[in-house]
Amino acid sequence: MRAIPKFDFYERVRVQTSAPAKSHLNGEIGTVLGRTETEDHPDSFYYAVDIDSCMRGWCFFESELEPTGERANPEDYYDGTWVRVRVDERGRGTVVSPEDQE
């Protein structure tokens, strides 16, 4: 059975970690901008979080984050531009130039 992520994209979260390299971020608030399912860790998901105070992204396991009950506006992070990626038969991706897009 597939795991269900605890946090959604653009969800506002608070950092609460015991990891020494990230403990200075405890109590900081940020926004979930990415996530991936883990295979070899007790937590099911690993999240990319943009921390408000330092305007940098950090990665956290699910257990290192707490919900705030708030959501961010996607337009605060993305301006609507996009790129197209072509994936070959070996799973490698390359960005398609605007001239080559259909």
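An account of the accompanying structure is given in this report. These numbers were taken from a predicted model, which means no experiment stands behind them. (Residues numbered from 1 in each chain as written. Predicted model: local features only at pLDDT ≥ 70, side-chain atom pairs only at ≥ 80, totals over all residues. Heavy atoms only, no water.)

1. Re the pattern of salt bridges
According to the stated counting rule, one finds 5 salt bridges in the structure shown. Here R12 makes a salt bridge to D52, at a shortest N to O gap of 2.6 Å. Taken together, the residues R12 in strand β1 (residues 11-15) and D52 in the loop between β3 (45-51) and β4 (56-61) connect sequence positions 40 residues apart. A residue is classified by how much of its surface remains accessible, and D52, at 35% relative accessible area, is partly exposed. Between D88 and R92 there is a salt bridge, with its nearest N and O atoms 3.0 Å apart. What makes R92 partly exposed here is its relative accessible area of 46%. In this structure, a network of salt bridges that share partners links the residues D8, R35 and R71. (Salt bridge = Lys/Arg side-chain N within 4 Å of Asp/Glu carboxyl O. Helix = DSSP H or I, 4+ residues; strand = E, 2+ residues; numbered from the N terminus. Buried < 20%, exposed > 50% of the residue type's maximum accessible area, 1.4 Å probe, protein only.)

2. Section: the pairing of strand β7 (residues 93-96)
Alignment of strand β6 (residues 84-87) against β7, held across 4 bridges, turns out to be antiparallel. Looking across to β7, one finds that V87 is bridged to G93. The turn joining β6 and β7, which pair antiparallel and follow one another in sequence, is formed by 5 residues; a positive phi near 85° is taken by G91. (Pairing = 2+ DSSP bridges.)

3. Some points on the environment of W58
Within the secondary structure, W58 is located in strand β4. Once the C-alpha coordinates of W58 and D43 are considered, the two residues, 15 residues apart in sequence, prove to be 17 Å apart. Discounting chain neighbours no more than four positions away, the residues touching W58 are A21, K22, H24, L25, Y47, A48, V49 and I51. (Contact = heavy atoms within 4.5 Å.)

4. Quick word on the side chain of E11
Relative to the helices and strands, E11 is located in strand β1. A distance of 2.9 Å separates the side chain of E11 from the backbone nitrogen of D8, its partner in a polar contact. Aside from chain neighbours lying at most four places away, what touches E11 is K6, G30, T31, V32, P67, E70 and R71. (Polar contact = N/O pair within 3.5 Å; in protein donor to acceptor, adjacent residues only side chain to side chain.)

5. Remarks on the side chain of T17
Its location among the elements puts T17 in the loop between β1 and β2 (29-37). Among the polar contacts made by the side chain of T17, one reaches the main-chain amide nitrogen of A19 at a distance of 3.0 Å. With near-sequence residues (within four places) excluded, T17 lies in contact with K22, S23, N26 and E64.

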